[in-house]
Each structure stands twice: as structure tokens, then as C-alpha cells.
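Commentary on secondary and tertiary structure
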Amino acid sequence: MEKDLTKGSVLQNILYFSLPYLFAYFLQTLYGMADLFIVGQFEGVASTTAVSIGSQVMHMLTVMIVGLAMGTTVCIGRAVGAGDRRQAAAVTGNTVTLFLGLSLVLTAALLACVRPIVAAMSTPAEAAEGTAHYLTICFLGIPCITAYNILSAIFRGLGDSRSPLAFIAVACAANIALDYLFIGAWGLGPAGAALGTTLSQALSVVVALAAMLRRRAGLALRRADLRPQRRVLRALLKIGLPVALQDGCIQIAFLLITVLANRRGLTDAAAVGIVEKIISFLFLVPSSMLSTVSALGAQNIGAGRHDRAAQTLRWAIAIAAGFGLCVSVAMQFAAEGVVGLFTADAAVAAAGGQYMRGYIWDCIFAGIHFSFSGYFCAYGRAELSFLHNILAILLVRVPGVALTSTLFADTLLPMGLATAAGSALSVAVCCAAYRILQRRGAFGGRPSARL
């Protein structure tokens, strides 16, 4: 299961790690869309709206949990790279303790806030009850969501991105089958969609635990490893907390952009919604670079191979930016056709094509700053990732979209360009931070956040 990423070709290691992660991310995206697709086959608009709104809330929670788990991946990766099995076991044990407590508190708090959340999302009255049922059942499954993501983080820290792919594949298949049973056969609507999601997540956790116990994961956990250690928890949170906060802010920013689009009318709202779904798939490649660089970089940093960590960053930027450039150029010619695959309305396809032509350039910039974020996290400087994302959101993305939405009422192109401009600022901040810290020797000597 464990993979030594400090030896061999850097490019081969990137491909070895990133491709399974990319497929896992694809399945996770498909997993999230399955509920919406299947409920749309058997239920009316109210149920579809309920699942759509509920899944948005759950997606935000999930990405924040994944961000927090980044601290586990990096800390275990460093320990493995340094050959320190005891430290890796301590990180694993403290991760279990931290996330167990967090999941229980989060579950209780969210269950108490179901109705306020439904109201805050401006849920239509016809969909309010279904949304409440969906969220209640999904909130009960938060311990399973948390368990799956920390187990995946542990495997990735050990250099294994293939096992999490198998776990999510099992969950995706189970979710689709259960959705057809609960929604199609039994007519449970949004509650059935949530129940299928929760049970399939529980199944993925069982499979992951079985795999870890069978292979022993290269770690020998002791009861003492589960006891909270301030030094270990501080290192986990120093990396994971800024990433979690950044991901939460990004999701809030995109919700605000959706609200701005909704105010322009039904056609523009539908166009922006469709493009966001398409972009979520296209962003799979740049997004995979963040975890790839953080995992590979952490192992090489732990082994003292700072040159290989820098090579990993350069290759990741080349791969992500190259992919982004190809997709961006292609979409200048195919935007309306791609959007038209999701709608029969010519006006929506035309508006979506405008938005896509501007927004798609973000695929280049995002690939670059995701790679930098993974590198910064590997060195324990996750606050830099948080900084450039917050600056992009507050200074460019949200105000830029708000301004262009007002000034250009007849086209969505400027709104798309404003979104991409936010990531361009992130790239500028990342490059400046990298240069400054490199001159100070932060990336060539001892890691700045050693455990």
C-alpha cells in the first residue's frame, strides 16, 4: 500500500499519484450528481430543488472536511519521508481523535440548525420540507463523511492514492443502486436520496477500514497514539485549518455569484448554473494537483529532498497550465455547443457560451495556484494558500462579478472574465510569496513546520 515517492522519476510519481486521485475526484463529483439525476427521473420539481439545495450545503461541508484533512496527509507524508514510523502513527492516532470529536460536535450543531439553514438558503416553500428531510439524514451521516475523508487522507499521506479510488468507487456504485431502490421503487423522494448517500458512505468507511486492517498500512498504532498531543494537533491544524477556511470561503463566494446571476433573470441563472457544473468537471485536473503536490512534496521534504519537491511543483504547474490552455482555447470555439448539451433552450445556450468563454481562462490560473497551494502546504505554510484565495475573493472575484453584472446587462462574458481575474491575482500573490520565501531559504533548509 505504501509508496516511496522520494525516488525515481518525479514526473512518473506525479502521474502515478495524480491519475487515481483524478479518477476518485471524478467519481466523487459523479457521486454528488447521482442524487439529483435520479430524483429528477422519478420526482417533481420540488423534490429536485430540495436535493439540489441540500447537496450544495453538503458539498460545502465536505470540501471543508477534505481541506482540514490536508494536515493529516502532509504530516504523515513528512514522517514517512523521514522514515519516522512512530511519528506517522502518532499523527494517525491524533487525527482519529480530533476528527471523531469534531464530527460529533458538528453533527449535533447542524441537526439543531436544519430549519435555519433551509431558510438561509431562500428555499422555495414547495421544497422546504424535502430539503429539511434531506439535510437531517445527511447530517446524521457526517461521522461517515468524516471517517471516509480522514482514512483517504491517511492513505494519501502514505503515498497511496489508489485505495481511496477503490473506496469511492464502491460508494458511488452503492449510492446509485440505493437511489433507484429508495427513490424509484419505494418513492421516498429527497429523504430516499439522502438515505442512499448516507448508507453508501458508511459502506465505503467499512471497506476502507477493512483494507487498512488487512494491509496494516505500515503503521503500528498504540493506545497512546490516540491520546491528544498538543504538538501533533498544532501541526495538523496549522496546515488543515487554513485550507478548510479557504475552501469554505470559496464555496460562499460562488454561492454569492450564483445569487447575482439569479437576479439577472431565469435565462442567465440557468446559463451560469450549467457552466458551473461543466467547470466542476474541467477543474478536476487542476484540483488534483493540489493534493498531488502536497503529498509528494511532503514525503520529499521529510526525506530532505527539497530539490525534488521543487521539481514536483514545476511539473505540476506545467501539466495543469498546459491542460488549462488547451481547454480554454477549445472552448472559444465550442462553448455554445458544450452548454447546449445540457439545455434545449437556445437563449440559455448562447448566454452560457458567453459566460464559459470568459470563465474558462480560470482553468489556467487555477491550475497554477492550486499547485503552489499544495507546495506551500507541504512546507507547513498553509496560511499562504488561505491568504491568496481570500485576497482574490474579496478584491477581485466577488466585487468584479458584482460590478460587471451591473455594467454589462446584455452579456455574461465580463462576469466570466471577472471570475478568472480573481485566480490571476492568486497566481501573482503565489509567485511573489514563493520568490520572497525562496530568497529567505524557507524552501531549501528545514521545513518551517516540523513536528
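In the block above lies the structure referred to throughout.
Residues numbered from 1 in each chain as written. Predicted model: local features only at pLDDT ≥ 70, side-chain atom pairs only at ≥ 80, totals over all residues. Heavy atoms only, no water.

**Points about the overall build of the protein chain**
- Within the protein chain one finds 16 helices and 0 strands.
- By the compact-globule yardstick of 22 Å for 451 residues, the protein chain fits well, its C-alpha radius of gyration being 22 Å.
- On the principal axes, the C-alpha backbone points of the protein chain span a range of 60 × 50 × 35 Å.
- Among the 451 residues that make up the protein chain, the fraction classed as buried is 55%.
- Counting only contacts in the protein chain whose residues sit at least 6 apart along the sequence, the fraction spanning at least 24 positions is 83%.
- With an accessible surface of roughly 18,300 Å², the protein chain has 68% of that area assigned to carbon and sulfur atoms.
- Positive and negative charge centroids in the protein chain, built from 32 and 19 side chains respectively, lie 18 Å apart. (Helix = DSSP H or I, 4+ residues; strand = E, 2+ residues; numbered from the N terminus. Rg over C-alpha atoms; globule rule 2.2 N^0.38 Å. Buried < 20%, exposed > 50% of the residue type's maximum accessible area, 1.4 Å probe, protein only. Contact = heavy atoms within 4.5 Å. Areas by Shrake-Rupley, 256 points an atom, 1.4 Å probe, with all protein chains shown as cover. Lys, Arg positive; Asp, Glu negative; His and termini not counted. Charge placed at Lys NZ, Arg CZ, Asp CG, Glu CD.)

**Considerations on the environment of Ile257**
- Take Ile257: it is sitting in helix α9 (residues 230-262).
- Once the C-alpha coordinates of Ile257 and Phe408 are considered, the two residues, 151 residues apart in sequence, prove to be 15 Å apart.
- The residues touching Ile257, leaving out its near neighbours within four places in the chain, are Tyr355, Arg397, Val401 and Thr419.

**Let's talk about helix α11 (residues 284-302)**
- Given a rise of 1.5 Å per residue, 19 residues ought to cover 27 Å, and the 27 Å separating the end C-alpha atoms of α11 matches this to within 8%.
- Within α11, 19 of the 19 residues are buried, leaving the element largely enclosed by the surrounding structure.
- At the exit of α11 stands Gly304, carrying a positive phi of roughly 80°. (Expected span 1.5 Å × (residues − 1).)

**Focus: the nonpolar core**
- Ranked by internal contacts, the top residues of the largest apolar core, which has 67 residues, are Ile279, Tyr355, Met356 and Ile360.
- Ranked by the residues each element gives to this core, the list is headed by α9, at 12 residues.
- The contacts of Met356, once residues within four sequence positions are left out, are Val275, Ile278, Ile279, Met331 and Ala335.
- Formed by 28 residues, the second largest nonpolar core is a distinct cluster that contains Val39, Met58, Tyr134 and Cys138. (Core = buried A, V, L, I, M, F, W, Y, C linked by side-chain atoms within 4.5 Å.)

**Overview of the pattern of salt bridges**
- Counted by the stated rule, this structure contains 6 salt bridges.
- In this structure, the salt-bridge partner of Arg264 is Asp268, at a minimum N-O distance of 2.8 Å.
- The partner of Arg357 in a salt bridge is Glu336, and the shortest N-O contact between them spans 2.5 Å. Here Glu336 lies in helix α12 (residues 306-340) and Arg357 lies in helix α13 (residues 346-359), a separation of 21 residues in the sequence.
- Owing to a relative accessible area of 30%, Glu336 belongs among the partly exposed residues under this scheme. (Salt bridge = Lys/Arg side-chain N within 4 Å of Asp/Glu carboxyl O.)

**Quick look at helix α16 (residues 413-439)**
- Between the first and last C-alpha of α16 there are 40 Å, a value that for 27 residues agrees with the 39 Å anticipated at 1.5 Å per step.
- Note on α16: the residue one or two positions beyond its end, Gly441, has a positive phi of about 80°.

**Examining the packing of aromatic side chains**
- Enumeration according to the criterion identifies 12 aromatic pairs in this entry.
- Ring centres 5.4 Å apart and planes at 65° place the aromatic pair Tyr355 and Tyr359 in the edge-to-face group. Taken as a pair, Tyr355 and Tyr359 lie in helix α13 at a separation of 4 residues, close to a single helical turn. When sorted by exposure, Tyr355 lands in the same class as Tyr359, which is buried.
- Summarising the aromatic geometry, the rings of Phe372 and Phe376 are spaced 5.9 Å apart at their centres and angled 25° between planes, so their arrangement reads as stacked. Separated by 4 residues within a single helix, Phe372 and Phe376 lie in helix α14 (residues 362-378), roughly one turn from each other. (Phe/Tyr/Trp six-rings, centres within 6.5 Å; stacked < 30°, edge-to-face > 60°.)

**A short note on a nonpolar patch on the surface**
- Together, Leu15, Leu19 and Phe23 give the surface a local cluster of nonpolar side chains, amounting to about 270 Å² of exposed area.
- Relative to the assigned elements, Leu15 resides in helix α1 (residues 10-42). (Patch = residues over 30% accessible without salt bridge, like charges linked within 9 Å, V, L, I, M, F, W, Y side chains within 5 Å.)

**Section: the packing of helix α2 (residues 45-81) against helix α5 (residues 125-140)**
- Where α2 contacts α5, the axes come no closer than 8 Å and their chain directions differ by 40°. Judged by the inter-axis angle, α2 sits oblique to α5. Considering only the axes of α2 and α5, their crossing is right-handed. Of the residues in α5, those touching α2 at Ala46, Thr49, Ala50, Val51, Ile53, Gly54, Ser55, Val57, Met58 and Leu61 are Glu126, Ala127, Gly130, Thr131, Tyr134, Leu135, Cys138 and Phe139.
- Within the contact of α2 with α5, the residues separate by chemical class into 12 nonpolar, 5 polar and 1 charged. (Axes fitted to C-alpha atoms, helices over the stretch in contact; angles between N-to-C directions. Parallel < 35°, antiparallel > 145°, perpendicular 65-115°, else oblique. Left-handed = near helix turned anticlockwise from the far one by under 90°. Nonpolar A, V, L, I, M, F, W, Y, C, P; charged D, E, K, R; others polar.)

**A look at the environment of Met58**
- Within the secondary structure, Met58 sits in helix α2.
- Given a relative accessible area of 8%, Met58 falls into the buried group.
- Separated by 81 residues in the primary sequence, Met58 and Phe139 have C-alpha atoms spaced 8.3 Å apart.
- Discounting residues that sit within four places of it in the chain, Met58 has contacts with Tyr134, Leu135, Cys138, Phe139 and Ile145.

**Notes on the packing of α12 against α14**
- Interaxial distance between α12 and α14 falls to 7 Å at its minimum, and their mutual angle equals 165°. Viewed along their axes, α12 and α14 adopt a mutual orientation that is roughly antiparallel. Seen from above, α12 lies across α14 with right-handed handedness. Across from Ala309, Ala310, Leu313, Ala316, Ile317, Ala320, Ala321, Phe323, Gly324, Leu325 and Ser328 in α12, the residues of α14 making contact are Cys363, Ile364, Gly367, Ile368, Ser371, Phe372 and Tyr375.
- Class assignment for the residues of the contact of α12 with α14 results in 14 nonpolar, 4 polar and no charged.

**Considerations on the side chain of Asp247**
- Inspection of the secondary structure assignment puts Asp247 in helix α9.
- No salt bridge is formed by the buried Asp247; the nearest opposite charge belongs to Arg397, separated by 10 Å.
- Apart from residues no more than four positions distant in its own chain, Asp247 is found in contact with Val63 and Gly67.

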